[in-house]
Amino acid sequence: MRTSSPAPVTHPSEAAYDRRRLSQWLSGRARAEGVSRRTLLRLLGAAGVTGAVPFTGAGPAVAVTAPGIVKPLPDAWFTVRGTNAETRFASLAETGYHTPNERFFVRNHTATPVLDAADWTLTVWGDGLDHGSVEFTLDDLKRFPAVTRSAFVECAGNGRSLFTTQQGQSVSGTAWTLGAIGAARWRGVRLADVLRRAGLGRRAVDVMPRGLDAEYVTADGTNLGRVRRPLPLAKALDDVLLAYEMNGEPLPPDHGHPVRVLVPSWIGISSVKWVGDIQVSAQPLYSPWNTDFYRLFGDAHPAGGSAPLTRQTVKSAWELDWNAGLARDTTHRLTGRSWSGAAGVVRVEVSTDGGTHWQPARLHDASRRGGWVRWSADWRPRSPGAYTLAARATDATGRTQPDTTAHNTQGYLFDAVVRHPVTVT
Ligand code: MTE
């Protein structure tokens with residue numbers, strides 16, 4: 001392990017980064033290893049000609065191997081969806097602020113690799129370093145100052161099935177309801193510290209962590225290589241961790257043992273599990289996970305697709321089963337959670353009549369960026385029948401959940417108010 005003094009770098013704003021990368025991508029001025037020539041031509045062609053890239057149907061949610069999840073997935077806690085396991089939101093009512101490791105959702109492109117921490121190394125490499133590549137063991141990482149932070153990880157496609165069930169639109173990908181999210185206390189080291197120790201150079205612009213899980217092969221047989229997605233240097237140096245503990249335990253195999261990247265507030269794909277190497281580049285980097293996937297395609301979005309997705313959106317969920325039965329003339333303390341990738345949630349309103357009347361919910365947690373707030377509301381239904389509950393959150397930037405979400409073909413970033421059916425008997 002070599003040391004060097006921190007290199008001064010410019011920190012462009014995330015918005016400027018998005019705009020610049022989109023135009024670089026559209027004009028082909030970007031490094032795109034692992035992105036097939038066919039894909040490149042298709043995207044570049046679409047950018048100039050039509051409103052949307054033709055969708056191949058080969059999204060990352062297509063299972064290509066057996067489920068491959070190591071931990072038990074009891075029915076009371078999980079719905080298994082291909083290689084993934086969704087947490088039943090209702091089961092979070094029994095938990096505290098942090099999602100216990102055994103109940104945390106799992107999103108695997110292939111299968112969980114069972115890695116031995118003693119054999120693991122992290123290689124930091126690329127032309128954005130001043131002195132060549134550097135290797136770190138887990139013990140090396142643990143010699144950096146440890147940082148603990150609470151943050152949620154949420155899949156970009158969380159809520160995807162609601163595009164269909166609530167908005168009548170067709171989308172591709174894993175049909176998550178609202179349980180592709182969990183919040184944990186992560187402990188690890190700052191990616192910034194590790195990059196600087198590795199000799200981060202002035203010319204570095206992008207950082208791309210890559211997982212040690214198997215290469216991902218789509219349903220049509222295209223091998224996209226190992227899961228990897230670039231981060232702008234500004235984010236990498238801001239609040240990103242290399243985490244080795246989750247809720248006070250060594251990272252469990254399904255969540256990235258021995259080390260994962262943790263990118264607070266950003267879509268879950270950014271938080272690469274089982275990280276084995278990090279490329280530091282002096283030029284913009286691209287992978288299938290910020291070109292074909294995790295961008296918005298469709299009539300409502302820029303020709304050729306949006307910029308690569310970054311922050312998560314705002315959402316709310318009730319800790320209740322879909323079509324839950326509730327007794328009439330009884331006061332029910334209904335609970336739920338709301339969160340946003342842009343800022344802490346400051347207000348939650350609830351409705352028991354499908355959105356005609358709203359009342360404020362009681363918030364039980366402080367508003368905090370990168371976290372969620374638990375809330376509750378009492379309801380005493382008088383007559384039997386079908387009811388629609390709704391919850392609507394507002395974050396500290398003033399963003400409130402809308403009534404509908406603009407469609408995108410891969411069903412990302414659903415943020416509309418969810419109409420949750422219950423039956424009073
Ligand atoms: N990292 C690797 N190496 N392989 C993966 O399949 N899935 C990503 C991300 N990191 C993935 C990965 C996605 S899409 C999400 S939403 C999160 O991990 C899920 O993290 P979790 O399984 O710990 O909940």
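Notes on the structure in this doc start here.

So, how was this worked out
What you see as residue numbers is a count from 1 along each chain, following the sequence as written. With pLDDT at 70 or above as the cut-off, local features in this predicted model cover only qualifying residues; side-chain atom pairs require 80 or more to be listed or tallied, and sums for whole chains, interfaces and linings still use all residues. Excluding hydrogens and water, the side-chain values take into account all heavy atoms of the structure. Helix numbering and strand numbering both begin at the N terminus, where a helix is a DSSP run of H or I of at least 4 residues and a strand a DSSP run of E of at least 2. Buried, partly exposed and exposed residues are distinguished by accessible area as a fraction of the type maximum, computed with a 1.4 Å probe on protein chains only: under 20%, between the cut-offs, and over 50%, respectively. Polar contacts, as used here, are pairs of N or O atoms within 3.5 Å; protein pairs need one atom able to donate a hydrogen and one able to accept it. Residues neighboring in sequence count only if both atoms are side-chain atoms. Just to be clear on terms, a salt bridge is a Lys or Arg side-chain nitrogen sitting within 4 Å of an Asp or Glu carboxyl oxygen. We call two residues in contact whenever any of their non-hydrogen atoms come within 4.5 Å of each other. Any two strands between which DSSP finds at least two bridges are classified as paired.

## Description of the environment of S281
Move 1: By the element assignment, S281 lies in strand β12 (residues 275-281).
Move 2: Looking at S281, the relative accessible area reads 0%, which means it is buried.
Move 3: Along the sequence, S281 and G128 sit 153 residues apart, while their C-alpha atoms lie 4.4 Å from each other.
Move 4: Polar side-chain contacts of S281 include one of 2.6 Å to the backbone oxygen of Q283.

## Examining the pattern of salt bridges
Move 1: Counted by the stated rule, this structure contains 15 salt bridges.
Move 2: The partner of D75 in a salt bridge is R88, and the shortest N-O contact between them spans 3.5 Å. With D75 in the loop between α2 (37-49) and β1 (78-81) and R88 in the loop between β2 (84-87) and β3 (121-125), this pair connects stretches of sequence that are 13 residues apart.
Move 3: Where D239 meets K235, a salt bridge forms, and the shortest distance between an N and an O atom there is 3.0 Å. Comparing D239 with K235 shows no difference in burial state: the two are buried.
Move 4: One network of salt bridges, in which partners are shared, links R333, R362 and D378.

## Overview of the side chain of R229
Move 1: With respect to the helices and strands, the residue R229 is situated in the loop between β7 (206-211) and β8 (231-232).
Move 2: Take R229: its relative accessible area is 3%, and that puts it in the buried class.
Move 3: Within the structure, R229 has its side chain in polar contact with the backbone oxygen of Y294 (distance 3.3 Å).
Move 4: Among the polar contacts made by the side chain of R229, one reaches the main-chain carbonyl oxygen of L309 at a distance of 3.0 Å.
Move 5: Look past the residues within four positions of R229 in its chain and what remains in contact with it is V207, M208, P209, I267, I269, S270, S287, W289, N290, Y294, P308 and L309.

## Here's the deal with the sheet that holds strand β18 (residues 362-363)
Move 1: Taking strand neighbours across the sheet as the criterion, the four strands line up as β13-β15-β19-β18 in an open arrangement whose pairing is antiparallel. With one partner strand each, in any of the chains shown, β13 (315-318) and β18 form the two edges of the open sheet.
Move 2: Pairing analysis gives eight bridges linking strand β15 (residues 332-339) to strand β19 (residues 372-379), with the strands arranged antiparallel. Across the sheet, the residue bridging to L334 is A377, located in β19.

## Side note on the pairing of β12
Move 1: For β12, the tally of buried residues reaches seven of seven residues, placing the bulk of the element in the interior.
Move 2: Bridge count for β3 against β12 is three bridges, and the pairing is parallel. Within β12, the position partnered with V124 by the bridge is I278.
Move 3: Note that β7 and β12 share six bridges and pair antiparallel. Residue M208 lies in a different strand from β12, and its bridge partner there is Q279.

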